[in-house]
Amino acid sequence: GLPAALPTLPVELTVLYNSLLFTVGASNSAIEGEADGIRQGLLRVLEACGACGQDLGTEELWQKVLQEVTVEELQAPLHQLGALQAAWWLAAGRLGSIAGLFQLLSTAEDTGRAPCSEGQNKLLSLLKAWRVPAEGPSLPLVQSAEDLKEILCTAAAFLQGLQELEAGNFPTALSLLQEAAGGFCSKKVLAQIYTCLGCCAQRMGKPQTALQHLKRALHVDFQCLPALSHVAAVYHELGEMDVELQVLALLFEALEKNPPAAAFSSPDFLIQTELLVHTPILTSLLCHLHPSEVKYLLAQRCLQDGRVDDAVEHYLDFLALLQEGLQQQVPLDQSSVLPRIPEVFLEAASALEQAGRHRDAITVCEEVISRTTDLIPRMLREEERLEQLECPSPGAGLPSQKKEGLCCLAWRTAAYLHQGWAWAKLGESKEAITQFSRCLSDLLRVQLQGIERTEVHLPEMEVLQKIRLLSLTARGMQFLELGRHKEALLDFQHSLQISPGDPAAASYLVQVLWKLNRKQEAAAQWQKFSQSSPGEDREQEGQKRPLPLYLISCLEHTMFTHSEDLARSIEDYLGT
């Protein structure tokens, strides 16, 4: 409450500087909001000089103080407060405000110097050019302005590097992050910077450089587990499956031990780089995977690589975690590597089936069927669907509830498809036909053609059509196995109506026509199929979305394996 006086202001501003540092250090959390104490200090300076600035914003207030107050004794305390203000603005991402402030803080002889050369970062040039005034004899500083300058330089380079990385300007991001890596920071932050460098190099298409940066991050701080996650991702990109699985296993083991999070590790400094840089992209790059997510990745990678026994083990471990309340442990949102839970069950069923554990696969699929039966909304029924699609807007998607219903329908019918194949592998062709028929019956509850007429090519619709194609082909194969050739013929014909030129359906159609002694038709179909351009087929296949992992094994089951024998028979027939 005392009026401001010039003789005591240096001490007052130094006390303010130290108290703000102590406040930040005691909270040990990211700096947020405005530094009201700095504003009050500046107003006290103007009051002592007989001026006023209550109506000014913070930037205008700094400009007025630094341009009008020329008292020599106040220069050092004002520079110290300026550095502290820069820390607050840096935490808020106000880089332009910081550049303007340090232009004002520069001395007359500094402003006369040539501007930063082309290619140099303006803000970093201003920070480095700033001459920190000598500390006054009045009171010691709990953190020197020189140390604060070094931290500001590191944090500014780090923050700008992240911004450039997010914007896709990778060379600039790489340069700024390398600048930050050579700056003043804790081991924890240095490991984070190297992790970001690794991600930047990976996005630039330089996986080996990315691995060097990521390994350096782990060397600096072995608890930087996000770096280990990115190492696994790089090896996945390189196709190094063995190494990727080893890294994922190591990551799972490290996460299971649940190491304590490293605290801010520079107790000598109250303001540190980690308090100033906190952006969404940094949070995303340094996201810690849950052990369950890593376990799923292990299962998925093994299944993709055909290591079905290992895949089964990992999937069963993951399903056991579900019983322990996984949904409460890890958020199943867009940031998670986990797909929807029914898809995990279907992938597990696929792995069990390929491992020869057919009855276990049937049991897992039954769980999917029982859980999704009541989730398919009534709006998917024919009458309500036709009403809603009466006047669709061009290019519009389906309502979220309808899309969810399509997902549930895809999971349920895929479960029937897997059960059908499991029974087929057990030699129970009749039971297999029953399951394939249930799959097709469920799909017929919705007139898929009605949705197709809206020209909405949703991923869910493509999956449903693929399931329909695979079910028809699979059922036709079982009819063929039982000698019910006319029924098989109908299924293969329907398959080709859904996907004209499908190699498996076309081959089986030729085979069943041959068995029905309709050899002329079989030969004509074979010639038509043989003359189709492989390049066109590949182009059409490339335009389609990738098949869900849980359907890959079903696709492989329908592959035609008697092409050489059939081709020889037809060629002999044509020759005669």
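These figures come from a predicted structure and were not determined experimentally.

Moving on, we get to the UniProt feature "repeat: TPR" (unreviewed entry) in the protein. Mapped onto the present numbering, the UniProt feature "repeat: TPR" (unreviewed entry) falls at residues 469-502. Secondary structure across residues 469-502 comprises 79% helix and 0% strand; the distance between its end C-alpha atoms is 9 Å.

Another aspect to go through is the pattern of salt bridges. As enumerated under the stated definition, the model contains 16 salt bridges in all. One salt bridge in this structure joins Glu 179 and Lys 128, with 2.5 Å as the shortest N-O distance. A residue pair is termed long-range when its members are at least 10 positions apart, and Glu 179 in helix H9 (residues 170-181) and Lys 128 in helix H7 (residues 122-129) qualify at 51 residues. The exposure class of Lys 128 is partly exposed, given its relative accessible area of 45%.

A word on a nonpolar patch on the surface. A cluster of nonpolar side chains, contributed by Val 11, Val 15 and Leu 139, occupies part of the molecular surface with about 200 Å² of accessible area. Mapping Leu 139 onto the fold places it in the loop between H7 and helix H8 (145-167). For Leu 139, a relative accessible area of 31% corresponds to the partly exposed category.

This part covers the packing of helix H16 (residues 291-304) against helix H17 (residues 308-323). Packed helices, taken two at a time, are described by the angle their axes make and the gap between the axes. In the contact formed by H16 and H17, the axes pass within 8 Å of each other and the chain directions differ by 150 degrees. For the element pair H16 / H17, the angle class is roughly antiparallel. The way H16 lies across H17 gives a crossing that is left-handed. Residues Ser 292, Lys 295, Tyr 296, Leu 298, Ala 299, Gln 300, Cys 302 and Leu 303 of H16 touch H17, and the partners they reach there are Asp 310, Ala 311, His 314, Tyr 315, Asp 317, Phe 318 and Leu 321. Here the residues of the contact of H16 with H17 are counted per class, giving nine nonpolar, three polar and three charged.

Turning our eyes to something else, we now look at the packing of aromatic side chains. A full pass over the atoms with the stated rule returns seven aromatic pairs. Between the aromatic rings of Tyr 508 and Phe 560, the centroid separation amounts to 4.9 Å while the plane-to-plane angle is 90 degrees, which identifies the pairing as edge-to-face. Taken together, the residues Tyr 508 in helix H27 (residues 503-515) and Phe 560 in the loop between helix H30 (549-557) and helix H31 (563-575) connect sequence positions 52 residues apart. Accessibility classification places Tyr 508 together with Phe 560 in one group, the buried group. Seen from their ring centres, Trp 514 and Tyr 573 are 5.8 Å apart, and the 90 degrees between their planes marks the pair as edge-to-face. In this pair, Trp 514 sits in helix H27 while Tyr 573 sits in helix H31, placing the two residues 59 residues apart along the sequence. A residue is classified by how much of its surface remains accessible, and Tyr 573, at 31% relative accessible area, is partly exposed. One aromatic cluster in this structure is built from Tyr 296, Tyr 315 and Phe 318.

Calculation notes
Residues numbered from 1 in each chain as written. Predicted model: local features only at pLDDT ≥ 70, side-chain atom pairs only at ≥ 80, totals over all residues. Heavy atoms only, no water. UniProt positions renumbered as here; feature names shortened; annotations may be inferred. Helix = DSSP H or I, 4+ residues; strand = E, 2+ residues; numbered from the N terminus. Salt bridge = Lys/Arg side-chain N within 4 Å of Asp/Glu carboxyl O. Buried < 20%, exposed > 50% of the residue type's maximum accessible area, 1.4 Å probe, protein only. Patch = residues over 30% accessible without salt bridge, like charges linked within 9 Å, V, L, I, M, F, W, Y side chains within 5 Å. Areas by Shrake-Rupley, 256 points an atom, 1.4 Å probe, with all protein chains shown as cover. Axes fitted to C-alpha atoms, helices over the stretch in contact; angles between N-to-C directions. Parallel < 35°, antiparallel > 145°, perpendicular 65-115°, else oblique. Left-handed = near helix turned anticlockwise from the far one by under 90°. Contact = heavy atoms within 4.5 Å. Nonpolar A, V, L, I, M, F, W, Y, C, P; charged D, E, K, R; others polar. Phe/Tyr/Trp six-rings, centres within 6.5 Å; stacked < 30°, edge-to-face > 60°.

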